[in-house]
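What follows is each chain in one-letter form.
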Amino acid sequence: MSSQRILLVEDEENLREVIKMNLELEGYEVEVAETGTKALRKVGDRRFNLFILDVMLPEVDGFTICEKIRLNDTETPVLFLTAKDSGQDKVHGLKLGADDYLTKPFNLEELLLRVRVLVRHSERGKKEDAPAADTAKFGENEVNFVTFKAKGVNNPDILLTKKEIALLKLLISKKDTVVSRHDILRFVWGYDVYPTTRTIDNFVMSFRKYFEKDPTSPQHFHSVRGVGYKFTE
Ligand code: CA
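Keep in mind it's a predicted model, so treat the numbers as computed, not measured.

Peer 1: An account of the packing of helix H2 (residues 36-45) against helix H3 (residues 62-72) is requested, with residue identities and associated values reported.
Peer 2: For the pair H2 and H3, interaxial distance at closest approach is 10 Å and the crossing angle is 15°. When the interaxial angle is binned, H2 and H3 end up roughly parallel. Here the hand of the crossing between H2 and H3 comes out right-handed. Counted together, Gly36, Ala39, Leu40 and Val43 of H2 and Ile65, Lys68 and Ile69 of H3 form the full contact between these two elements. The residue makeup of the contact of H2 with H3, split by class, is five nonpolar, one polar and one charged.

Peer 1: Could you give an account of the sheet that holds strand S9 (residues 158-159), naming the residues involved and the relevant values?
Peer 2: Judged by pairing direction, the sheet is antiparallel, and its four strands sit side by side in the order S6-S7-S8-S9 without closing on themselves. Both outer strands of the open sheet, strand S6 (135-138) and S9, are each paired with one neighbouring strand and no more. Bridge count between S6 and strand S7 (residues 141-144): four bridges; the pairing is antiparallel. Bridge pairing in S7 places Thr135 opposite Asn144.

Peer 1: An account of the nonpolar core is needed here, citing residue identities and associated values.
Peer 2: The biggest cluster of nonpolar side chains holds 31 residues, and the ones touching the most others in it are Val143, Leu168, Leu171, Ile184, Phe211 and Phe221. Only helix H1 (13-25), S6, helix H6 (162-173), helix H7 (181-189), helix H8 (197-211) and strand S12 (228-231) provide two or more residues apiece to this core. In terms of domain composition, this core takes at least three residues from each of domain 1 (5-128) and domain 2 (135-231). If sequence neighbours within four positions are ignored, Phe211 has contacts with Phe138, Asn141, Val143, Ala150, Lys151, Gly152, Val153, Asn154, Ile158, Leu168, His220 and Phe221. Leu7, Ala39, Val43 and Val55 belong to the second largest nonpolar core, which has 19 residues in total.

Peer 1: Tell me about the pairing of strand S5 (residues 100-103), and please be specific about residues and values.
Peer 2: The side-chain alternation of S5 yields one buried face, formed by Asp100 and Leu102, and one unburied face, formed by Tyr101 and Thr103. Two elements, strand S4 (residues 78-82) and S5, share four bridges in a ladder whose sense is parallel. Bridge pairing links Phe80 to Tyr101 in S5.

Rules used throughout
Residues numbered from 1 in each chain as written. Predicted model: local features only at pLDDT ≥ 70, side-chain atom pairs only at ≥ 80, totals over all residues. Heavy atoms only, no water. Axes fitted to C-alpha atoms, helices over the stretch in contact; angles between N-to-C directions. Helix = DSSP H or I, 4+ residues; strand = E, 2+ residues; numbered from the N terminus. Parallel < 35°, antiparallel > 145°, perpendicular 65-115°, else oblique. Left-handed = near helix turned anticlockwise from the far one by under 90°. Contact = heavy atoms within 4.5 Å. Nonpolar A, V, L, I, M, F, W, Y, C, P; charged D, E, K, R; others polar. Pairing = 2+ DSSP bridges. Core = buried A, V, L, I, M, F, W, Y, C linked by side-chain atoms within 4.5 Å. Buried < 20%, exposed > 50% of the residue type's maximum accessible area, 1.4 Å probe, protein only. Domains from an automatic or database assignment.

The following block contains the structure:
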């Protein structure tokens, strides 16, 4: 399955990391650039399905990047992230050929929603690209990330919570690699609430109850002592 590729241009490191991770969890392939110059170098390199451009950037600003993109490419959608809330900026951006914009600080879910709409729009008429995976299957289990429903080996009718879905998506997308507790807390719980690592243990214990034939001898959800967790198929 070919995934859709997004170029994310943002100079604030934390924001860039959080957006990148969340887009990857949605199944997108993400390339990042932290300056306008680096972004312009990447633009010509390969095809993207969406550009997400911060406006205020070192060296070359987002508006200029958009202008340059539009010289050769009028199709690929552009989404601006702007710290300014002046109507004039928005008009300016849209005149340069941006398709949408979000004013910081924005809600991550709103960003993901807009991205979904823009990418779908860009995909119209391109049959070879399959949609991002809505489900994951492993063993006798199946998880639907859209409906939050799951069929588990021990329970055919599970309704997962939002956090459970986020943690499952993270672990499954990083299949065969250990995801640290730090990363889990950061990407699933965000910056607002910091639960204890005990909370993650409880989530993983629930996953084992749902999805493991023998929860005491897990095949899919492994704890790596002192480091984090790992999912294997
Ligand atoms: Ca910036």
